[in-house]
2 protein chains.
Amino acid sequence: MTQAQNPFNVVFVLFDNVTQLNFTGPAQFLCRMPGAKVHVAAASLDPVMTDVGFGIMPTVTFEDCPQSDLLCVPGGLGVAPALSDIQLIDFVGQQASDAQWITSVCTGAFILGQAGLLQGRRATTHWGFTSLLPMVGAVHEDARTVFDGNIVTAGGVTSGIDFALTIVAHLHGEDVARSLQLNFEYDPAPPFAGGTPATSPQHIVQAMQSRFYDDRAAEMEKALRG
Amino acid sequence: MTQAQNPFNVVFVLFDNVTQLNFTGPAQFLCRMPGAKVHVAAASLDPVMTDVGFGIMPTVTFEDCPQSDLLCVPGGLGVAPALSDIQLIDFVGQQASDAQWITSVCTGAFILGQAGLLQGRRATTHWGFTSLLPMVGAVHEDARTVFDGNIVTAGGVTSGIDFALTIVAHLHGEDVARSLQLNFEYDPAPPFAGGTPATSPQHIVQAMQSRFYDDRAAEMEKALRG
C-alpha cells in the first residue's frame, strides 16, 4: 500500500464535448479517497460544455494547476479535435512528467498517446477505438482497467468507476475501497447482461458500429494522423 | 412500450451540495434516449456547487423550465437543507403534477416526500436512510430500483445508472437499453463484491454508520420534522 501525500492532487483535464461520465464517475470516488483533493483543469475558468448539454466549471486553469499526483484524462467525442490543441497536449505532457499516476478513461487514452505517453505501453480505451491504439505506440490489452507501470488506462465511460475503485484499493487497501463502494452503493445490477461487444447481441454491436463507431473511429484516425 | 413524445423532456433538479454522480450518472444515459432532451433546472443560472467541489451550470431556471415528461431529483448531503427550500419543493410539486414519470436517486426521495409525492408509495433511497421513509408516508422496498405506478425511486448514488437503463428499457425496449449499455461499456466489474450493507463486511458497515451515516440520518430526520 502506497501512502498518499497530503493533499494527494487528483487532476482531471477537461475539454469541450467531453463525455461527462468519464470524468464525473471516477471524480465521485476519487474525491473521497483519504487525503485527496480533486482539481478540474481547463484552458480557462469558463464553463466547459459536456456532451449532455450542461457546462462544468473548472476549478483551475492549466496555467495555475498544481502538480498532479494522479492525472486523469477523460474521453469523448471532443477528443479528436483536442488532439490538435497544443496547449492541452502540452499541459498533459508537463503534468505527466512528475505525476505518480498517469491515467485515462475511454478515448482519453489518445490524448495520453498524443502527448507521447503510451509508447510501448499496454493500454485500453473504449471498445470502438481499440484498433487505433497502435497509432500511438500502445498495445491493446483486453481488460476493463489496464496497469502498465504508472500508466493506468480504463475502457469506455462506466469503466472509469471500476478504475477509480481499483486505484483506491491499490493506494489505500481493500477496506477503504469497499467503504467507498458501500458509500456509493456500488452493487451494480444492469437490467441486461452486456456492455461489451463480446457480451452484447451481435445485431446491436453491428448496428452501433455501422451507425456510429465506424465513422467516429475514422475521425479519430484522421486526427491522429494530424 | 410507451412511445416517447418529441422532445421527451427529462428535467433534473439541482441544489447546492448535490452528490453529483446521482445526477451525472442517469443524465449520461437518459440524454441518449431517443427523442430525449435533458434540462438541468435550478433556482438561478448560477453554477450549482457539487459535493466534489466543482460547479455545474444549470440549463434553465425553475421559472423557465418546460414541463418535464420525466422529473428526476438526485440526492446528497444538500438534501436536508433543501427540504426547507420552499421554492425548490414547490417546483418539484408543480412539475410532478403533469409529469409522466416522477423519479429520484438516493436521498432525492426525501425531496419527493417533502412535496407530498410518496404518500402510500413503495420506494427506496440510499441504504443509510431507508428507515426514514415512513416519515414521508412511504413503505421501503428493498430493491435497487422501485417502480410504484409512475413513481420510480432508486437506491444510493450508482443505482441511478441501473435506474436510467431500466427506464430506457421500459420506454424504448430492450434493444435500445442494450445499445446504450454497449455505448457506455456498462459491463461493471467492481474490484470487490459489496456495495450494500448485506454484501459488505460487517466491520465496514458498522464503521460507516458510526462515523458518518448515523449522524447524517439524524440530520435528515430533524430536517423532515421541520
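A quick note: this is a predicted structure, and the numbers were derived from the prediction, not measured.

1. Examining the overall build of chain A
For chain A, the count of helices and strands is 7 helices and 11 strands. Whereas a compact globule of 226 residues would reach a radius of gyration of roughly 17 Å, chain A reaches 17 Å, a difference of no more than 12%. Based on the C-alpha atoms only, the size of chain A along its principal axes is roughly 50 × 40 × 35 Å. Taken over 226 residues, chain A has a buried fraction of 62%.

2. Some remarks on the relation of the copies chain B and chain A
You can overlay chain B on chain A at an RMSD of 0.0 Å; the transform is a turn of 180 degrees with a shift of 0.0 Å along its axis. Accordingly, the operation relating the two chain copies is best matched by a two-fold axis. Residues of chain B ranked by C-alpha distance from the rotation axis are headed by I56 of chain B, positioned 2.4 Å from it. Most of the interface of chain B is mirrored in chain A, where 100% of its interface residues again form contacts.

3. Looking at the sheet that holds strand β7 (residues 101-105) of chain A
Residue and element names in this part refer to chain A. Read across the open sheet, the 7 strands follow the order β5-β2-β1-β6-β7-β11-β10; overall the sheet is mixed. Edge positions in the sheet fall to β5 (60-61) and β10 (145-148), since each has one partner strand and no second. Taken together, the 6 bridges between strand β1 (residues 8-13) and strand β2 (residues 36-42) define a ladder with parallel strand orientation. The partner of V11 across the bridge, within β2, is H39. Against the sheet, helix α5 (residues 159-172) contacts β1, β6 (70-73), β7, β10 and β11 (151-154), and its axis sits at roughly 45 degrees relative to β10.

4. With respect to the packing of aromatic side chains
Aromatic ring pairs: the centre-centre distance and the angle between the two ring planes describe each pair. All told, the structure shown has 18 aromatic pairs over all chains when counted by the stated rule. Both rings, one in F62 of chain A and one in F91 of chain A, keep their centres 4.3 Å apart while their planes meet at 20 degrees; by these two values the pair is stacked. In this pair, F62 of chain A is assigned in the loop between β5 and β6 and F91 of chain A in helix α3 (residues 86-98), connecting sequence segments 29 residues apart. The class of F62 of chain A is buried, set by a relative accessible area of 8%. For F91 of chain A, a relative accessible area of 5% translates into the label buried. Taking 5.1 Å as the distance between ring centres and 65 degrees as the angle between the ring planes, the aromatic pair formed by F12 of chain B and F23 of chain B counts as edge-to-face. Of the two residues, F12 of chain B sits in strand β1 (residues 8-13) while F23 of chain B sits in helix α1 (residues 21-30), which places them 11 residues apart along the sequence. Cluster of aromatic residues (ring-pair linked, three or more members): W127, F129, F212 and Y213 of chain A.

5. Overview of the pairing of strand β2 (residues 36-42) of chain B
Buried residues dominate β2 of chain B, accounting for 6 of its 7 residues. Regarding the hand of the β-α-β motif, the stretch spanning β1 of chain B, α1 of chain B and β2 of chain B is right-handed.

6. Some remarks on the side chain of T145 of chain A
Checked against the element boundaries, T145 of chain A lands in strand β10. With near-sequence residues (within four places) excluded, T145 of chain A lies in contact with V152, T153, A154, D162, F163 and T166 of chain A.

7. Structural notes on the packing of α1 of chain B against helix α5 (residues 159-172) of chain B
Residue and element names in this part refer to chain B. Direction vectors running N to C along α1 and α5 enclose 25 degrees, while the axes themselves pass 8 Å from each other. Between α1 and α5, the angle is such that the two are roughly parallel. In this structure, the crossing between α1 and α5 has a hand that is right-handed. Contacts between α1 and α5 involve G25, P26, F29 and L30 from the first element and G160, I161, F163, A164, L165, I167 and V168 from the second. Grouping the amino acids of the contact of α1 with α5 by side-chain chemistry returns 9 nonpolar, 2 polar and no charged.

8. Considerations on unusual backbone geometry
Residue and element names in this part refer to chain A. Phi is positive for N17, which is not a glycine, with a value near 65 degrees. Looking at the element boundaries, N17 is found in the loop between β1 and α1 (21-30). You can call N17 partly exposed: its relative accessible area is 34%. Look at E185: it is not a glycine, yet its phi comes out positive at around 45 degrees. A residue is classified by how much of its surface remains accessible, and E185, at 10% relative accessible area, is buried.

9. Here's the deal with the UniProt feature "domain: DJ-1/PfpI" (unreviewed entry) in chain A
Sequence positions flagged by UniProt for "domain: DJ-1/PfpI" (unreviewed entry) are, in local numbering, residues 10-169 of chain A. Spanning residues 10-169 of chain A, this segment combines 28% helix with 24% strand, and its end C-alpha atoms are found 16 Å apart.

10. Let's talk about the packing of helix α6 (residues 174-183) of chain A against helix α7 (residues 202-225) of chain B
At a minimum axis distance of 10 Å, the contact between α6 of chain A and α7 of chain B shows a crossing angle of 65 degrees. Between α6 of chain A and α7 of chain B the crossing geometry is right-handed. Counting all contacts with α6 of chain A, which are made through D175, R178, S179, L182 and N183 of chain A, the residues of α7 of chain B involved are H203, I204, V205, M208 and Y213 of chain B. Of the residues that constitute the contact of α6 of chain A with α7 of chain B, the class distribution is 5 nonpolar, 3 polar and 2 charged.

11. Some words on the confidence of the model for chain A
Low-pLDDT stretches of the model should not have their predicted coordinates read in fine detail. Summarising the model, chain A shows a mean pLDDT of 95, and 98% of its residues fall at 70 or more. The ipTM for the predicted assembly is 0.94, set against a pTM of 0.95.

12. Quick word on α5 of chain A
All names here are of chain A. With 14 residues, α5 extends 20 Å between its outermost C-alpha atoms, agreeing within 8% with the 20 Å of an ideal straight helix rising 1.5 Å per residue. In terms of burial, α5 is a largely internal element, 12 of the 14 residues being buried. Burial in α5 covers these residues: S159, G160, I161, D162, F163, A164, L165, I167, V168, A169, L171 and H172.

The rules behind these values
Starting afresh in each chain, residues are numbered from 1 along the sequence in its written order. To read the labels, note that chains go from A and ligands from 1, taken in the order they are written. Residues qualify for local features only when their pLDDT is at least 70, as the model is predicted, and side-chain atom pairs are given and counted only at 80 or more; totals for whole chains, interfaces and linings, by contrast, use all residues. Note that water and hydrogens are dropped before the side-chain values are worked out from all heavy atoms of the structure. We count a stretch as a helix when DSSP gives it H or I for four or more residues in a row; a strand needs E for two or more, and each element gets its number in order from the N terminus. Atoms counted for the radius of gyration: C-alpha only. Globule rule: 2.2 Å times residue count to the power 0.38. The buried label goes to any residue with under 20% of its type's maximum accessible area, the exposed label to any with over 50%, and the partly exposed label to all in between, with areas taken from a 1.4 Å probe on protein chains only. Residues reaching a pLDDT of at least 70 in both copies supply the C-alpha atoms on which the copies are superposed by least squares. Every residue pair with non-hydrogen atoms within 4.5 Å of one another is taken to be in contact. Two strands make a pair as long as DSSP finds a minimum of two bridges between them. Working convention: axes come from line fits to C-alpha atoms, limited for helices to the stretch in contact. Angles between N-to-C directions cover 0 to 180 degrees. Aromatic pairs are defined between Phe, Tyr and Trp rings, using the six-membered ring for Trp, whenever the two ring centres lie within 6.5 Å; interplanar angles under 30 degrees are classed as stacked, those over 60 as edge-to-face, and all others as tilted. The handedness of a crossover follows from its direction of travel: if, with the strands pointing away from the viewer, the path from the first strand over the helix to the second runs clockwise, the crossover is right-handed. With respect to orientation, any angle under 35 degrees is reported as roughly parallel, any angle over 145 as roughly antiparallel, any angle of 65 to 115 as roughly perpendicular, and every other angle as oblique. Left-handed describes a crossing whose near helix is turned anticlockwise from the far helix by less than a right angle; the clockwise case is right-handed. Each residue is assigned to one class: nonpolar for Ala, Val, Leu, Ile, Met, Phe, Trp, Tyr, Cys and Pro, charged for Asp, Glu, Lys and Arg, and polar for all the others, Gly among them. UniProt positions are given in the numbering used here, feature names are shortened, and annotations may be inferred rather than shown by experiment. Predictor confidence is given residue by residue as pLDDT, running from a minimum of 0 to a maximum of 100. Multiply 1.5 Å by the residue count of a helix minus one, and that product is the helix's expected span.

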